[in-house]
Amino acid sequence: MRFTRRAATALSACLSIAPAHAWGPLGHRVVAELAQQRLSPAAEAEVERLLAPEHTKSLADIANWPDQLQDDPAMATLWKHTRSQHYINFHGGSACAYVPPRDCRNGRCVVAALEHDVDVLGDQGKPASARRQALKFVVHFVGDIHQPLHAGYRADKGGNTYQVQFEGNGTNLHKVWDSRLLYTRHLDWPAYAQRLDSAAPVKLLPIAPLDNPYAQWAEESCRITAEPGFYPPNHRITPAYVDTWLPVADRRLREAGRRLAQVLNLALDPATAMATKH
Ligand SMILES: [Zn+2]
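Residue numbers restart at each chain and count upward from 1, following the sequence in its written direction. Only residues with pLDDT of at least 70 get local features here, since the model is predicted, and only at 80 or more are side-chain atom pairs given and counted; chain-wide, interface and lining totals rely on the full set of residues. To obtain the side-chain values, all non-hydrogen atoms of the structure were included, while hydrogens and water were left out.

Asker: Help me out: how do you make sense of the nonpolar core in this one?
Answerer: Most often, soluble globular proteins have nonpolar side chains that are buried together. Among buried residues, those of type Ala, Val, Leu, Ile, Met, Phe, Trp, Tyr and Cys that are joined through side-chain atoms within 4.5 Å constitute a nonpolar core. Burial classification: accessible surface area is computed with a 1.4 Å probe over protein chains only, and a residue below 20% of its type maximum counts as buried, one above 50% as exposed, and the rest as partly exposed. Counting 78 residues, the largest nonpolar core has L59, V111 and W177 as the members making the most contacts within it. Ranked by residues supplied to this core, first place goes to helix α13 (residues 239-268) with 14 residues. Residues within four places of V111 in sequence aside, it is in contact with I88, Y98, I145, N212, Y214, A215 and A218. The secondary structure listing takes helices from DSSP runs of H or I that are at least 4 residues long and strands from runs of E that are at least 2 residues long, numbered from the N terminus. Whether two residues are in contact is decided by their heavy atoms: any pair within 4.5 Å suffices.

Asker: Would you take a moment to explain helix α2 (residues 25-36) for this structure?
Answerer: Residues three or four positions apart in an α-helix share a direction because the helix packs 3.6 residues into each turn. The length a helix should cover is 1.5 Å for every residue beyond the first. Under the 1.5 Å per step criterion, the end-to-end length of α2 is 16 Å for 12 residues, consistent within 8% with the ideal 16 Å. Among all positions of α2, only P25, L26, G27, H28, V30, V31, A32, E33, L34, A35 and Q36 are buried.

Asker: When you look at the state of the cysteines in this model, what are you seeing that I'm missing?
Answerer: As used here, a disulfide is simply a covalent bond connecting the sulfur atoms of two cysteines. Cysteine sulfurs are considered disulfide-paired once they come within 2.5 Å of each other. Applying the stated criterion across every chain, the model contains two disulfides. A sulfur-sulfur separation of 2.0 Å characterises the disulfide bridge that pairs C96 with C222. Handedness here is read from the sign of the S-S torsion; for C96 and C222, about -70 degrees, the answer is left-handed. You can see C96 sitting in the loop between α6 (76-82) and α7 (100-103) and its partner C222 sitting in helix α12 (residues 213-225), a full 126 residues away along the chain. C96 sits in the buried class, given a relative accessible area of 9%. C104 shares a disulfide with C109; S-S distance 2.2 Å. Its S-S torsion of about -95 degrees marks the bond between C104 and C109 as left-handed, since a negative value means left-handed. As far as burial versus exposure is concerned, C104 and C109 are alike and both buried. Ordinal numbering of bonded cysteines along the protein defines a disulfide pattern of 1-4, 2-3.

Asker: How should the pairing of strand β1 (residues 163-166) be read in this particular structure?
Answerer: Along any regular strand, the residues point their side chains to alternate faces of the sheet. Residues V164 and F166 of β1 are buried on one face, while the alternating residues Q163 and Q165, pointing to the opposite face, are not. In sequence, β1 turns back onto strand β2 (residues 169-172) through a hairpin of two residues, with E167 there showing a positive phi of about 50 degrees. At least two DSSP bridges between two strands are needed for those strands to be called paired.

Asker: How should I be thinking about the coordination of the zinc ion in this particular structure?
Answerer: Six octahedrally arranged donors around a metal ideally form angles of 90 or 180 degrees; four tetrahedrally arranged donors ideally form angles of 109.5 degrees. Coordination of the zinc ion by the protein involves H86 (ND1), H140 (NE2) and D144 (OD), with metal-donor separations of 2.2 Å. Each metal site is built from N, O and S donor atoms within 2.8 Å (3.2 Å for Na, K and Ca), and since water is not included, such sites may look incomplete. Each donor residue of the zinc ion belongs to the same chain, with the gaps between them written as H-x53-H-x3-D. In this pair, H86 is assigned in the loop between α6 and α7 and H140 in helix α9 (residues 128-146), connecting sequence segments 54 residues apart.

The structure is reproduced here in structure tokens:
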């Protein structure tokens, strides 16, 4: 087979964004971009102010930073402290109900991480550096909590030990949901976000009346993993599986993007926060 130079470049670009943890880089950037489009002017200005010292500007620029910590020896301690905050494990069966002492011991799960990091982000009394770091985690974790297998079952480590065959290769179901499903669209992240943006609006529950929206989002993810056919028959990801479940993945990206914007507007724009209270 002959490759054109452009095809070879595109291929190497694809390989260099191979999945690691969570929605892959593509999914996280799509979520961030969908949220960016929905920030209030005041929240957007605050994001820019917080990110300016690191010469980044947009939510998409920082969306994958919490996963990149694992590759940076200087960040080894922070990675060790935060690696269990990218997911939550439920117990299977009908137990998609968040019980903190059972499902989030010592606050080591994505639900508790979001509770903490959103608080820090919205606290004007905290140093800008702490709020900047919290912003990076919030952008990333709102994405993660919407990836169904980041709130799956302890027994198979969120699909990581569930082996599957996909496009002629062995992989696992977690990786399929992190990245491989999304890559079947062959879109880069701006085009992917644009595609989702132009689809019909998603209906969202308002954040304010809920006691803990993050727990609810995790429970939604868990319930998706419990739907019939989510674990593919014969451990094979067929074209029919992609046809059925890619729209679900898209819906989760859209929900994540919309909700991330809500969270950031509430935390960073006093007018939005005030309007929600009344
Ligand atoms: Zn992650």
